Amino acid sequence: MVESIIGNYLMDSGRITPAQFRAALDKMDAVRVKLGLIAVSEGFMTFAQAEEVNRLQAICDKRFGDIAVDKGYLTDEQVGKLLKRQGDAYLAFIQALEDDKLITIGEVANVLEEFKMNKCLTNTELEDIKSDDVEKIVDVYLPEAAKEYEQLISIAMKTLIRLVDRHASIIKAEMKEVQGSAPAAIQEMQGETEKWTNGFREVDGALLTVASFFGQEEFETLDEDALDAAAELMNCINGLYASAISGKHGELLELLPPAYGVEGVDFPAQAACVVTVQIDGRLCEFVTTKAN
């Protein structure tokens with residue numbers, strides 16, 4: 001998720017184009033993050049020291065870590081820690097941008113500071129986003145009034161990342177009443193003392209993408225068949241949440257049959273947590289509300 005959050009900021013600020021962002025995402029799986037990038041990112045080395053070691057690598061048959069240890073820039077213990085982070089999603093994305101000469105290691109710190117200020121983040125929140133931990137990122141984005149929905153939204157995002165788009169990302173989260181007609185798929189969960197209504201609403205094409213990925217069928221329009229596939233994904237998310245709640249708190253939630261409508265469906269007339277989600281470059285909303 002971190003790659004999309006940072007990538008969207010870079011596109012919004014005009015530093016990269018959508019095509020360059022897409023190319024960086026495509027490269028992420030094949031990128032092996034350079035030890036120098038990780039060392040600078042972690043504050044173990046300066047940019048100048050990393051550049052010096054890179055130059056030495058070009059004239060001697062030694063690994064980056066071995067040269068850095070010889071120069072006294074790193075310890076063996078630090079090299080071991082850095083090697084464990086070579087699969088880091090944030091660093092893989094930065095590495096992909098650097099390989100395409102869209103950013104340099106020396107510019108990363110300034111870009112992150114600008115991003116932090118632009119999004120009004122604390123240092124801890126920035127580190128939570130960089131960690132690519134879904135639960136930590138969800139916590140950063142949720143307003144205080146929506147904290148009771150945190151576990152469900154975390155499960156929803158993990159499921160979207162696992163089953164639909166590994167680069168799925170939260171754009172924003174807010175508490176508001178759901179108004180207006182839009183294609184949607186919803187499902188209710190009924191407990192002894194509470195009732196949940198959760199669903200997906202279309203914004204600009206992402207729900208069609210969700211239906212196509214999850215239904216393993218290329219839907220051309222967001223018709224009832226496509227919405228049925230989206231409803232099945234909603235059922236999967238709700239099932240995972242109901243199981244988690246049952247195991248942790250002993251609360252039993254019954255999943256009612258999903259409902260969907262091309263012209264929209266009615267959500268309860270009360271404030272809901274509305275999470276705008278980006279899927280393959282397009283948007284939809286994940287909506288959840290609870291009544292006691």
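Draft legend 1. Structural detail: the overall build of the protein chain. A count of helices and strands for the protein chain gives 13 helices and seven strands. With the C-alpha coordinates aligned to their principal axes, the bounding extent of the protein chain is approximately 65 × 40 × 35 Å. A total of 292 residues make up the protein chain; the buried ones form 46% of that total. Contacts in the protein chain between residues far apart in sequence, at least 24 positions, make up 66% of those at least 6 positions apart. In the structure as shown, the protein chain presents an accessible area of about 14300 Å², 47% of it carried by carbon and sulfur atoms.

Draft legend 2. How the structure looks around the packing of helix H1 (residues 2-12) against helix H2 (residues 18-28). The N-to-C vectors of H1 and H2 enclose an angle of 160°; their axes lie 10 Å apart at closest approach. Classed by the angle they form, the pair H1 and H2 counts as roughly antiparallel. For the element pair H1 and H2, the recorded crossing hand is right-handed. Here Glu3, Ser4, Gly7 and Met11 of H1 lie close against H2, whose contacting residues are Pro18, Phe21, Leu25 and Met28. Each residue belonging to the contact of H1 with H2 can be placed in one class, and the counts come to five nonpolar, two polar and one charged.

Draft legend 3. The arrangement of helix H7 (residues 89-99) in detail. Among the 11 residues that make up H7, 10 are buried, leaving the element largely enclosed by the rest of the structure. For H7, the elements touching its buried residues are H1, H2, helix H3 (35-41), helix H8 (105-118) and helix H9 (123-130). Two residues or fewer after H7 comes Lys101, characterised by a positive phi angle close to 60°.

Draft legend 4. Inspection of the state of the cysteines at higher detail. Applying the stated criterion to the full structure yields zero disulfides. With no disulfide of its own, Cys236 lies 15 Å from the sulfur of Cys284, the closest cysteine sulfur.

Draft legend 5. Spotlight on the pattern of salt bridges. Across all of its chains, the model carries 17 salt bridges by this definition. Put simply, Lys116 and Glu113 hold a salt bridge, and the shortest N to O gap is 3.4 Å. Here Lys116 pairs with Glu113, and both are found in helix H8, just three residues apart, close to one helical turn. Here Glu113 falls in the partly exposed class, since its relative accessible area comes to 38%. Linking Glu174 and Lys176 is a salt bridge whose minimum nitrogen-to-oxygen distance equals 3.5 Å. Residue classification places Glu174 among the partly exposed residues on the basis of a relative accessible area of 25%. It is possible to trace a salt-bridge network through shared partners that takes in Arg22, Asp26 and Asp280.

Draft legend 6. Here's a closer look at the packing of H1 against H7. Taken N-terminus to C-terminus, the directions of H1 and H7 make an angle of 40°; their axes are 8 Å apart at the nearest point. For the element pair H1 / H7, the angle class is oblique. Across the interface between the two elements, Val2, Glu3, Ile6, Gly7 and Leu10 of H1 pack against Ala89, Tyr90, Phe93 and Leu97 of H7.

Quick notes on the rules
- Every residue gets a number counted from 1 within its own chain, in the order that chain's sequence is written.
- Per-residue local features of the predicted model are confined to residues with pLDDT of at least 70, and side-chain atom pairs are confined, for both listing and counting, to 80 or more; whole-chain, interface and lining totals are unaffected and use all residues.
- Only hydrogens and water are set aside; all other atoms, that is, all heavy atoms of the structure, feed into the side-chain values.
- Each helix is a run of H or I in the DSSP string that is no shorter than four residues. Each strand is a run of E no shorter than two, and both are numbered from the N terminus.
- For every residue, the accessible area obtained with a 1.4 Å probe (protein chains only) is divided by the maximum for its type, and the residue is called buried under 20%, exposed over 50%, and partly exposed between those limits.
- The contact rule is simple, with two residues in contact once any of their heavy atoms fall within 4.5 Å.
- Accessible surface is estimated by sampling points in the Shrake-Rupley manner with a 1.4 Å probe; for residues, cover comes only from the protein chains shown.
- Note on method: axes are straight lines fitted to C-alpha atoms, helices fitted across the in-contact stretch only, with angles between N-to-C directions ranging 0 to 180 degrees.
- Each angle gets one of four labels, with under 35 degrees taken as roughly parallel, over 145 as roughly antiparallel, 65 to 115 as roughly perpendicular, and the rest as oblique.
- With the far helix as reference, a near helix turned anticlockwise by less than a right angle produces a left-handed crossing, and one turned clockwise produces a right-handed crossing.
- In this classification, the charged set is Asp, Glu, Lys and Arg, the nonpolar set is Ala, Val, Leu, Ile, Met, Phe, Trp, Tyr, Cys and Pro, and all remaining amino acids, among them Gly, are polar.
- We call a pair of cysteine sulfur atoms a disulfide whenever their separation is within 2.5 Å.
- Salt-bridge detection follows one rule: a side-chain nitrogen of Lys or Arg within 4 Å of a carboxyl oxygen of Asp or Glu.

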